[in-house]
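Below, each chain spelled out in residue letters.
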Amino acid sequence: MPILYVVSTPIGNLEDVTLRALRILSEVSLIAAENTLTTRKLLNRHQIKARLTSFTEHNRRAKIPIILGALETGDVALVSEAGTPVISDPGLELVVAAGEAGLDVVPIPGPSAITAALAVSGLPARQFTYVGFLPRRSGERRRLLEPLADEGRTIVAFESPYRLQRSLADALSILGDADIVVCRELTKAFEEVFRGRISEALAHFEHPRGEFTLVFAARGKGDKHRPEAASPPEPFPEPRRRHARTQRRSR
């Protein structure tokens, strides 16, 4: 029976892809890609010739029957623009449709900005809450963050450069001046990891550029100003107040 493979692809550096992912991409009869230009760059880098079809937020409903039709005769790979499909992209509906059609859906795990940011944050990662892209409107952002403020779990979010300042200001109001790790352009040439307080991040990213993953520290219940009051499940060093910045060329 044909298989729908859910394939993780690089979030930046084109070398960050598994051998299994490359094999699957070279063997399937069709690749459903959120961004065909980005996917083609990856395929060209690894000398893979494959048939691509666009699968986006805007055309997903029209494309699902076409992709299910392709699955009648061969395997299909689903890839997002970057990272793991279905996480903040339109892949969910295709996965559900394939499952309802009785098809096998197989994960090909790999890069994820969420786990990459957590791994370098130095903040507790045994339990965390991922909230996706923060809402566009301030009121909605605040309503999202308010119930999370006292739960005692690290919070991970995505944000665009156009709303970063406003989102950090709302987070400062709701979470207090909590510790934060801001990961910009993960695994790309100008990767930056900033560690400090939310107020310091606001000052540092005055003119933000690139893609951002935000990791907020938890705070103790009833404590609006000292997020470190929450007891972590294991000891972590105090996050440095100065940002750590790395720049390297993608190879």
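How each quantity is defined
Residues numbered from 1 in each chain as written. Predicted model: local features only at pLDDT ≥ 70, side-chain atom pairs only at ≥ 80, totals over all residues. Heavy atoms only, no water. Core = buried A, V, L, I, M, F, W, Y, C linked by side-chain atoms within 4.5 Å. Buried < 20%, exposed > 50% of the residue type's maximum accessible area, 1.4 Å probe, protein only. Helix = DSSP H or I, 4+ residues; strand = E, 2+ residues; numbered from the N terminus. Contact = heavy atoms within 4.5 Å. Pairing = 2+ DSSP bridges. Axes fitted to C-alpha atoms, helices over the stretch in contact; angles between N-to-C directions. Parallel < 35°, antiparallel > 145°, perpendicular 65-115°, else oblique. Left-handed = near helix turned anticlockwise from the far one by under 90°. Nonpolar A, V, L, I, M, F, W, Y, C, P; charged D, E, K, R; others polar. Expected span 1.5 Å × (residues − 1). Arc of directions from axis to C-beta.

Visitor: Would you explain the nonpolar core in this entry?
Guide: Generally speaking, a soluble globular protein has its nonpolar side chains buried in company with each other. Core analysis: the largest hydrophobic core is formed by 23 residues, its most contacted members being Leu-175, Val-182, Ile-198 and Phe-216. Secondary-structure elements contributing two or more residues to this core are strand E7 (154-159), helix H7 (164-175), strand E8 (179-184), helix H8 (198-204) and strand E10 (212-216). Broken down by element, the residue count for this core peaks at 5 residues, all from H7. Among residues more than four places away in sequence, those in contact with Phe-216 are Leu-123, Thr-154, Ile-155, Ala-171, Leu-175, Asp-179, Ile-180 and Ile-198.

Visitor: Sorry if this is basic, but what is going on with the sheet that holds strand E4 (residues 76-79) here?
Guide: The strands that make up a sheet are held in pairs by hydrogen bonds between backbone atoms, and each pair lies either parallel or antiparallel. Ordered in space as E3-E2-E4-E1-E5, the 5 strands form an open sheet in which the pairing is parallel. Lying at the two open borders of the sheet, with one neighbouring strand each, are strand E3 (52-54) and strand E5 (104-108). Strand after strand, the sheet turns through a mean of 25° between neighbouring axes, direction not considered. For strand E2 (residues 30-33) and E3, the ladder comprises 3 bridges, and the chain directions are parallel. Counterpart to Ala-33 in the pairing with E3 is Ser-54. Where helix H4 (residues 91-100) meets the sheet, it contacts strand E1 (3-7), E4 and E5, and its direction lies at approximately 155° from that of E1.

Visitor: What's the story with unusual backbone geometry in this structure? I'm lost.
Guide: Trans is the common state for peptide bonds, and a negative phi is the common state for residues other than glycine. For Val-86, which is not glycine, the phi torsion reads 80° and is therefore positive. Tracing the backbone through its elements, the reader meets Val-86 in the loop between E4 and H4. Residue Val-86 is classed as partly exposed on the basis of its relative accessible area of 28%. At Glu-185, a residue that is not glycine, the phi angle is positive and equals roughly 55°. Take Glu-185: it is sitting in the loop between E8 and strand E9 (192-197).

Visitor: Hey, could you run me through the packing of helix H6 (residues 138-145) against H7 in this one?
Guide: Packing of H6 against H7 leaves a shortest axis separation of 10 Å and a crossing angle of 40°. The angle between the axes of H6 and H7 places the two elements in the oblique class. Remark: the crossing between H6 and H7 carries right-handed chirality. Contacts from Ser-138, Arg-141, Arg-142 and Leu-145 of H6 reach H7 at Arg-166, Ser-167, Asp-170, Ala-171, Ser-173, Ile-174 and Leu-175. Among the residues making up the contact of H6 with H7, the classes are represented as 4 nonpolar, 3 polar and 4 charged.

Visitor: Could you clarify how one ought to interpret H7 in this entry?
Guide: For the α-helix, the turn length of 3.6 residues means that residues three or four positions removed from each other point alike. Between its first and last C-alpha, H7 extends 16 Å over 12 residues, near the 16 Å set by a 1.5 Å rise per residue. For H7, the complete set of buried residues consists of Leu-164, Ser-167, Leu-168, Asp-170, Ala-171, Ile-174 and Leu-175. All buried residues of H7 fall inside an arc of 160° around its axis, so they share one side. Where H7 is buried, its residues contact H6, E7, E8, H8 and E10. Downstream of H7 by a residue or two, Gly-176 has a phi angle that is positive, lying close to 75°.

Don't take any of this as a statement about function, it's just geometry.
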